[in-house]
Amino acid sequence: GISLPFPPEEVEMITLTYHTGDPSDSNCREVTGPEDIQAIYNLLSYDIIVSADRAQRKEPESTLYITFCMLDGTGYKITYDSFGVKSGTLSADDFSCFTPADIGWIWHQLTTGYETGHVSICVDPNATETPVPIENPPASH
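1. Brief notes about the nonpolar core
Phase 1 of the analysis: Counting residues in hydrophobic clusters, the biggest one holds 31 residues, and the most contacted among them are L44, I66, F68, I78, L90 and I103.
Phase 2 of the analysis: For this core, the secondary-structure elements that each account for two or more residues are β1 (11–19), α1 (34–47), β4 (62–70), β5 (75–82), β6 (88–92), β7 (95–99) and α2 (105–110).
Phase 3 of the analysis: The leading source of residues in this core is α1, at five residues.
Phase 4 of the analysis: Beyond its immediate chain neighbours, meaning those up to four positions away, I66 contacts I14, T15, L16, I40, L44, Y76, K77, I78, I103 and I106.

2. Digging into the packing of aromatic side chains
Phase 1 of the analysis: According to the stated counting rule, one finds four aromatic pairs in the structure shown.
Phase 2 of the analysis: Centre to centre, the rings of F6 and Y76 are 5.6 Å apart; their planes meet at 70 degrees, and the pair counts as edge-to-face. Residue F6 is located in the segment before β1, and its partner Y76 is located in strand β5; the two are separated by 70 residues in the primary sequence.
Phase 3 of the analysis: With relative accessibility at 7%, the residue F6 sits in the buried group.
Phase 4 of the analysis: The rings of F6, Y41, F68 and Y76 are connected pair by pair, giving a single aromatic cluster.
Phase 5 of the analysis: Between R29 and the ring centre of W107, over which it is positioned, the NZ or CZ distance is 3.7 Å.

3. Topic: α1
Each turn of an α-helix holds 3.6 residues, which means side chains three or four residues apart point in the same direction.
Phase 1 of the analysis: Taken residue by residue, α1 has D36, I37, I40, Y41, L43, L44 and S45 as its buried positions.
Phase 2 of the analysis: The inward-facing, buried residues of α1 abut β1, β2 (26–31), β4, β5, β6 and α2.

Reading the values: rules and limits
Residues numbered from 1 in each chain as written. Predicted model: local features only at pLDDT ≥ 70, side-chain atom pairs only at ≥ 80, totals over all residues. Heavy atoms only, no water. Core = buried A, V, L, I, M, F, W, Y, C linked by side-chain atoms within 4.5 Å. Buried < 20%, exposed > 50% of the residue type's maximum accessible area, 1.4 Å probe, protein only. Helix = DSSP H or I, 4+ residues; strand = E, 2+ residues; numbered from the N terminus. Contact = heavy atoms within 4.5 Å. Phe/Tyr/Trp six-rings, centres within 6.5 Å; stacked < 30°, edge-to-face > 60°. Lys NZ or Arg CZ within 6 Å of the ring centre and 35° of its normal.

Encoded structure:
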């Protein structure tokens, strides 16, 4: 797994942002349940296999941003680029690695009970821009 630079007790919430190739059409969830936070932390820290980063020859099929929001107001973001079922890269400011694990299940199964909002990331999906909510246009009469 990944050596995260904080213990799970310091995590207040995890923000997940997911898109399937178009960052301007992303979805977001705020994971606040202690059991779910612990499950995501354990998955990344202990339950996955990682190896040296392997270059991918194609665009990712989907991207999942996992942002750990700490009690002290700081954050730590990990990006998972999926290149198919059980194949992808994990990266943050201090590492990049390949994993044969299906990290996408966090979005597709673990956190389905959380409210999903629409967000837009207006730049390259590998950039560090924070997603912003998409505002609904005023209704026309």
